[in-house]
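# Examination of the molecular architecture
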Amino acid sequence: MRQATALTRFTDLPPIATDLGFSATRLGVIMRPQAGQPHEAWGVLNPGGVRSNDGTMHLFPRLIAEGNYSRIGHARVRFDGETPVGVERLGVALEPHESYEVNAGGGGVEDARVVFVPLLKRYVMTYTAFVPYEPRVAVAVSSDLVTWQRLGVLRFEAAADAPDLNACGNKDAAFFSDVISDPQGVPSFGILHRPTTRLHFRRHDTGATVTRPPGGDETQQNIWISYVPVDAPIADVASLTAVRRHERVMAPEQSWETLKIGTGAPPVRLSYGWVLAYHAASASGGRPRYSMGAAVLDGERPSQVLYRTPSPILEPEADYERNGLVDDVVFPSATDLRTDGALDVYYGAADHVVAAARVSVPSRLPANLGKSIGS
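Because the structure is a prediction, the values reported are computed rather than measured. (Residues numbered from 1 in each chain as written. Predicted model: local features only at pLDDT ≥ 70, side-chain atom pairs only at ≥ 80, totals over all residues. Heavy atoms only, no water.)

This paragraph deals with the sheet that holds strand β8 (residues 109-117). Taking strand neighbours across the sheet as the criterion, the 4 strands line up as β8-β9-β10-β11 in an open arrangement whose pairing is antiparallel. A strand with exactly one partner marks an edge of an open sheet, and here the two such strands are β8 and β11 (149-153). Neighbour-to-neighbour, the strand axes of this sheet turn through a mean angle of 25°, independent of strand direction. (Pairing = 2+ DSSP bridges. Helix = DSSP H or I, 4+ residues; strand = E, 2+ residues; numbered from the N terminus. Axes fitted to C-alpha atoms, helices over the stretch in contact; angles between N-to-C directions.)

Here it is, written out as C-alpha cells:
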C-alpha cells in the first residue's frame, strides 16, 4: 500500500482516468431573498442540507443582511413530485454571538455543511466563523436540526513534518458521515477543509503581525483532510474539534481550477467510494469564476483520489449564476441522494440565490481505476 505523508498532494499521483460521464441538469432557483426581510437583504446562498429521520429535506442557507452580516437560516424543501421547487422558511439556526463569531466590524456565521453521523446519533454542522482578522471552521451538533450545540473552532494537532494549520485561516469544511481510516489505520471521523493562502493582518496598538498560508509560500488553495479517532467523540462529542494527521487531498490542476479548489458538499458514500461535489475557481477577465467538479475518493482512505472530472460538470451560464452579489458563481454545498442513484446538488448561485441541479453519477467505476494508487 502506498504510504501517505502529511504533505501528500493529489498531483503526486499518476493520471488515472478520463471522463466517466458525470453530468448535471439544472432544476432552477428554489430560494430567493425575501422582500422586506432584513436578514436576507443581500442574498440567500450556499446552504448546508440533510434529510431528517422522517425523510424531510432540510436546508441551512447563509442569510446575508446589510453590511455583509451573515446568519445561518433553516428551511424545509418543497417538492413537485421528485423535483425541488421551493422552500418553507423555518427561522434562523445560528446567530453570531460567540467570541469566535463576532468582531469589531460585525462578524458572521456562514456556508454550513451538515451530515448525519449514525455512530454519534447526531447531525454535525461545520460552518465558517469570522473570528477577528480571519475565517475559522467551527462545529455544532444537534439531535433534532432545531437546537444546535456549539463545540467551538477546529484545533489542529501540530506535527513536526507538517505546517501548523492553526496559524492560518480555514473554510469549506465538511465531515464524512461514516468511519474511515487515518494514515496509521486508526478508525476515525474525517473532515475535509481548505486552509486559506491569504495573508491575514492582525492589527494591535503595538503594530501588526501576519498570519501566513499553511506552507508559508503557497499561492493556490487546496483541499485537505484531518482526522478524529472514533473513540474520542463517542466519549465526549466536543472532541470533534480536535483534529490530527493532516493530509493534502487535492490541488488545482485544470485551467478551470487555477485559483483554488475547495470542499463543496459533504462526500456521499457509494459502493465504489466517496463522491465529492467540489468547487473550483479560475480567473476570468480579472475576477474569479466558480464552477463545480466531481471527484471520487477511496472508500477507506479518502485522501487517495480515484477520479476527478477533467472539466466542470456545472459552470456559471444561467442568468441567476452569472449576475448577483458576486457574479459567475456556482458553489455546491449540499446533496441529496435519490433512490434512482442520481444526486441532487444544492448550490449558491452568484452569491445571491439557492439553486438545484440533478447530477447523474456512474453506477460503477472501471475495474482498473485507481490501481496505480495501491492495492
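So, on to the sheet that holds strand β3 (residues 57-65). Pairing in this open sheet of 4 strands is antiparallel, and the strands run β2-β3-β4-β5 from one edge to the other. The strands lining the two open edges of the sheet, one partner per strand, are β2 (43-51) and β5 (83-94). Strand after strand, the sheet turns through a mean of 30° between neighbouring axes, direction not considered. Summarising the sheet, β3 and strand β4 (residues 69-80) pair through 6 bridges and their orientation is antiparallel.

Moving on, we come to the pattern of salt bridges. Any two side chains of opposite charge can pair, so long as their charged atoms come close to each other. Applying the stated criterion to the full structure yields 25 salt bridges. When the shortest N-O distance is used, the salt bridge between D111 and R62 registers 4.0 Å. Placement of D111 in strand β8 and of R62 in strand β3 is noted, with a sequence separation of 49 residues between them. Via salt bridges that share partners, R287, R322, D327 and D328 belong to a single interconnected network. (Salt bridge = Lys/Arg side-chain N within 4 Å of Asp/Glu carboxyl O.)

The biggest cluster of nonpolar side chains holds 26 residues, and the ones touching the most others in it are F22, M292, V296, Y347 and V359. Among the elements of the structure, β21 (268-270), β22 (273-284), β23 (287-297), β24 (305-308), β26 (343-349) and β27 (353-360) are those that each provide at least two residues to this core. Ignoring any residue separated from it by four or fewer positions in sequence, one finds V296 in contact with F22, Y272, G273, W274, V275, Q304, V305, L306, Y307 and L365. Among the nonpolar cores identified, the runner-up in size contains 21 residues, and V117, V141, I191 and W224 belong to it. (Core = buried A, V, L, I, M, F, W, Y, C linked by side-chain atoms within 4.5 Å. Buried < 20%, exposed > 50% of the residue type's maximum accessible area, 1.4 Å probe, protein only. Contact = heavy atoms within 4.5 Å.)

As a further point, take the pairing of strand β19 (residues 242-250). Side-chain positions along a regular strand alternate between the two faces of the sheet. Of all 9 residues in β19, 7 are buried; the element is thus mostly enclosed. Pairing of strand β12 (residues 155-156) with β19 involves 2 bridges; the strand directions are parallel. Considered in β19, the bridge of R155 is made with A242. Judged from the 4 bridges that link them, strand β18 (residues 223-229) and β19 form a sheet pairing that is antiparallel.

Take the environment of D54 next. With respect to the helices and strands, D54 occurs in the loop between β2 and β3. There is a polar contact of 2.5 Å between the side chain of D54 and the side chain of S52. Within polar-contact distance, the side chain of D54 engages the side chain of T56 at 2.9 Å. (Polar contact = N/O pair within 3.5 Å; in protein donor to acceptor, adjacent residues only side chain to side chain.)

This paragraph deals with the packing of aromatic side chains. The full count for this structure, using the stated rule, is 6 aromatic pairs. Ring geometry for W256 versus Y278: centroids 6.1 Å apart, planes at 25°, classification stacked. In this pair, W256 is assigned in the loop between β19 and β20 (260-263) and Y278 in strand β22, connecting sequence segments 22 residues apart. (Phe/Tyr/Trp six-rings, centres within 6.5 Å; stacked < 30°, edge-to-face > 60°.)

A word on unusual backbone geometry. With a phi close to 55°, D111 is a non-glycine residue in the positive phi region. For D111, a relative accessible area of 5% translates into the label buried. Of note in the backbone geometry, K121 takes a positive phi value of approximately 55° without being a glycine. Within the fold, K121 resides in the loop between β8 and β9 (122-131).

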